[in-house]
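An overview of the molecular structure
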Amino acid sequence: MELIRDKLELLRVLLNEQCSNLEPWQIVSRTAAITLIASYVYSQATHKYLDVGEFHWSEGTQSGTVYNCNDDLTQLMTEVYGMAAWTNPLHPDSFPGLRQMEAEVVRIACRLFQGGPDSCGTVTSGGTESIVLACKAYRDYARNIKGIENPVMVVPVTAHAAFDKAADLLDITIKHVPVDPITQRVDIKAMRRAISGRTCLLVGSSPQFPHGSIDDITAIGKLGLDYDIPVHVDACLGGFLVVFMKQAGFNIRPFDFSVPGVCSISADTHKYGYAPKGSSVILYSKPVFRHYQWFTCPDWPGGVYATATIGGSRAGGIIAACWAALMYHGMDGYVECTKKVITTTRYIAEEIRKIKGIKVMGVPEVSVVAIGSDDFNIYALSDAMKKRGWNLNALQFPACLHLCCTMLHTKEGVANRFIQDVKELTGEILANPEEHKGGSAAIYGMAQSLPDRNLVNEITWIYLDSLYAIKKK
Ligand SMILES: *Cc1c(COP(=O)(O)O)cnc(C)c1O
């Protein structure tokens, strides 16, 4: 911005005062000036667009969403993205360096998750793509290796909705397994009962999104081995925390490839890997699973076509930025960040437990603190918090809300401000319950209790439609 402004000023002088005696090179500059003015106008306009919105997310008022945003990292990510902005990993012959970067990101991630020499994977555009690809791999593995025509995946109810999306896209049946009401970890006995001759995949989360609990991966792995079914661990959210927790001085229950039976892991570099949005990794214990992820089309008139992931053309800039984020932090950097995030999460959980009228749900093992209440409609708290600038996640079955702690919440004073606001507002709601019955508290409460789930779907469509509305003048 500054650079553009300086250059603009120079050019303005040039254009206004020296127009009469312009040399040919200065006429070229006039074109440059027009380009610069245009870029200045567009950056100003972009600022205007980016500045709308009522939440000051950069001050740590937002759950999850932005995982880190220090100035150094922002500058590095912008520069690296810029350097690779026009690259496309679909053409490794033209961009061999990009291929190398992607291969290195995968290898680093495999090592972090204790993968053996056969472990492998790909970089994807995000957690959802990583999960969809794993489900595709196991669908085709079940069909080709085990002759299962109509495969079923067995998934905890708390697993991410991306598994439901994958089931929908890939035409796989999905069977949801209940969780323990206290720990929110999947009920292993119920998972065993859900297994049939058609099961193509068992899933556990490390940690799951709603409450931050880690499923019993050891037990799920054992089920997988007992019944010869592949096991996927979804570590999209906290993958780049859990791998550093031991070194950061925290106990962590087993979750990686060292657990017998674990065949694949998804982990988002664009969450606690602190890379810009648009990258994640899907990792497999051995190449046979990854082979079923590949897509090949040998007969296309456009040539023999093959892609590793869902995309055709892909953003090389994002892969370069992801690679640079890993290099920039290094082991030490990640361990340091992990220490801060986990310490802050545990501090918040501990303080929330002391507040009368609310309770911590599940086990805040990693970076999520879920808050519920036996005394009032918990969504009233999220409404009240919103009025103070906090944007928290509303969860259902059971009703609760959560704060997903990021580097932004580890800054001086943020956690205490959060705790203080929760304490004050909980007290206020308990004192005047009638005043807190309307708003989105009522809507969320209703959405959860409506027996007709299709009606909820239709209301949700209206919401999605509204995302594409243009304000009329
Ligand atoms: C975020 C998340 C995902 C999906 O990732 P996207 O990057 O949003 O597509 C999957 N699983 C868990 C546990 C997550 O938190």
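Residues numbered from 1 in each chain as written. Predicted model: local features only at pLDDT ≥ 70, side-chain atom pairs only at ≥ 80, totals over all residues. Heavy atoms only, no water.

- Labelled according to an unreviewed UniProt entry, the chain appears under the name sphinganine-1-phosphate aldolase, originating from Tigriopus californicus.
- Checking UniProt for the chain, the heading Sequence similarities (unreviewed entry) contains the comment "Belongs to the group II decarboxylase family. Sphingosine-1-phosphate lyase subfamily."
- Its UniProt record, at the heading Subcellular location (unreviewed entry), says of the chain: "Endoplasmic reticulum membrane". (UniProt positions renumbered as here; feature names shortened; annotations may be inferred.)

**Considering the overall build of the chain**
- In terms of helices and strands, the chain carries 15 helices and 13 strands.
- For 473 residues, the compact-globule formula gives about 23 Å, and the C-alpha radius of gyration of the chain, at 25 Å, lands near that figure.
- Seen along its three principal axes, the alpha-carbon backbone of the chain occupies a region of about 85 × 65 × 50 Å.
- A burial count over the chain gives 48% of its 473 residues as buried.
- Sequence separation of at least 24 residues holds for 71% of the intrachain contacts in the chain that already meet a minimum separation of 6.
- A total accessible area of about 24300 Å² is found for the chain, and carbon and sulfur atoms account for 57% of it.
- With 45 positive and 48 negative side-chain charges, the chain shows a separation of 3 Å between the mean positions of the two kinds. (Helix = DSSP H or I, 4+ residues; strand = E, 2+ residues; numbered from the N terminus. Rg over C-alpha atoms; globule rule 2.2 N^0.38 Å. Buried < 20%, exposed > 50% of the residue type's maximum accessible area, 1.4 Å probe, protein only. Contact = heavy atoms within 4.5 Å. Areas by Shrake-Rupley, 256 points an atom, 1.4 Å probe, with all protein chains shown as cover. Lys, Arg positive; Asp, Glu negative; His and termini not counted. Charge placed at Lys NZ, Arg CZ, Asp CG, Glu CD.)

**A word on the side chain of D256**
- The residue D256 is located in the loop between α9 (239-245) and β6 (262-267) in this model.
- Buried charged residue D256 carries no salt bridge. Nearest counter-charge: K246, at 6.7 Å.
- In terms of polar contacts, D256 uses its side chain to reach the side chain of S258, at 2.4 Å. (Salt bridge = Lys/Arg side-chain N within 4 Å of Asp/Glu carboxyl O. Polar contact = N/O pair within 3.5 Å; in protein donor to acceptor, adjacent residues only side chain to side chain.)

**What to know about the environment of I443**
- As for its placement among the helices and strands, I443 is situated in helix α14 (residues 439-449).
- For the pair I443 and V242, spaced 201 residues apart in sequence, the C-alpha separation works out to 35 Å.

**Overview of the pattern of salt bridges**
- For the coordinates displayed, the defined rule picks out twelve salt bridges.
- The residue K222 makes a salt bridge to D226 at a minimum N-O spacing of 3.1 Å. Residue K222 and its partner D226 are both found in helix α8 (residues 217-227); the two are separated by four residues, about one turn of the helix.
- Overlapping salt bridges bring together K136, R139 and D140 as one network.

**Regarding the packing of aromatic side chains**
- What the rule picks out here adds up to twelve aromatic pairs.
- When the ring of Y272 is compared with that of Y274, the centres are 6.2 Å apart and the planes differ by 80 degrees; the resulting orientation is edge-to-face. Y274 carries the same exposure label as Y272, and that label is buried.
- Aromatic side chains W390 and F418 sit 5.2 Å apart centroid to centroid with 75 degrees between the ring planes, which places their arrangement in the edge-to-face category. In this pair, W390 is assigned in the loop between α12 (379-387) and β12 (393-395) and F418 in helix α13 (residues 414-431), connecting sequence segments 28 residues apart. The same class applies to W390 and to F418, which are both buried.
- A network of ring pairs unites the aromatic residues Y67, F244, Y272, Y274 and Y334 as a single cluster. (Phe/Tyr/Trp six-rings, centres within 6.5 Å; stacked < 30°, edge-to-face > 60°.)

**Some details on α12**
- The buried count for α12 comes to seven of nine residues, which makes it a mostly enclosed element.
- Along α12, the positions that sit buried rather than exposed are Y379, A380, L381, S382, D383, A384 and M385.
- Count one or two residues on from α12 and you reach G389, which has phi positive near 95 degrees.

**Details of the UniProt feature "modified residue: N6-(pyridoxal phosphate)lysine" (unreviewed entry) in the chain**
- Per the UniProt record, "modified residue: N6-(pyridoxal phosphate)lysine" (unreviewed entry) is found at K271.
- Within the secondary structure layout, K271 lies in the loop between β6 and β7 (280-284).
- Those residues in contact with K271 that sit more than four places away from it in its chain are Y67, C236 and L237.
- Within the structure, the side chain of K271 is placed 3.2 Å from the side chain of D268, a separation counted as a polar contact.

**Quick word on the pairing of β7**
- When you tally the buried positions in β7, you get five out of five residues, the bulk of the element.
- Here β7 shows two buried faces, one formed by S280, I282 and Y284 and the other by V281 and L283.
- Across five bridges, the pairing between strand β1 (residues 120-124) and β7 is antiparallel. Residue T122 lies in a different strand from β7, and its bridge partner there is I282.
- Where β6 lies against β7, four bridges are found, and the strand directions are antiparallel. Bridge assignment links S266 to a residue of β7, and that residue is I282. (Pairing = 2+ DSSP bridges.)

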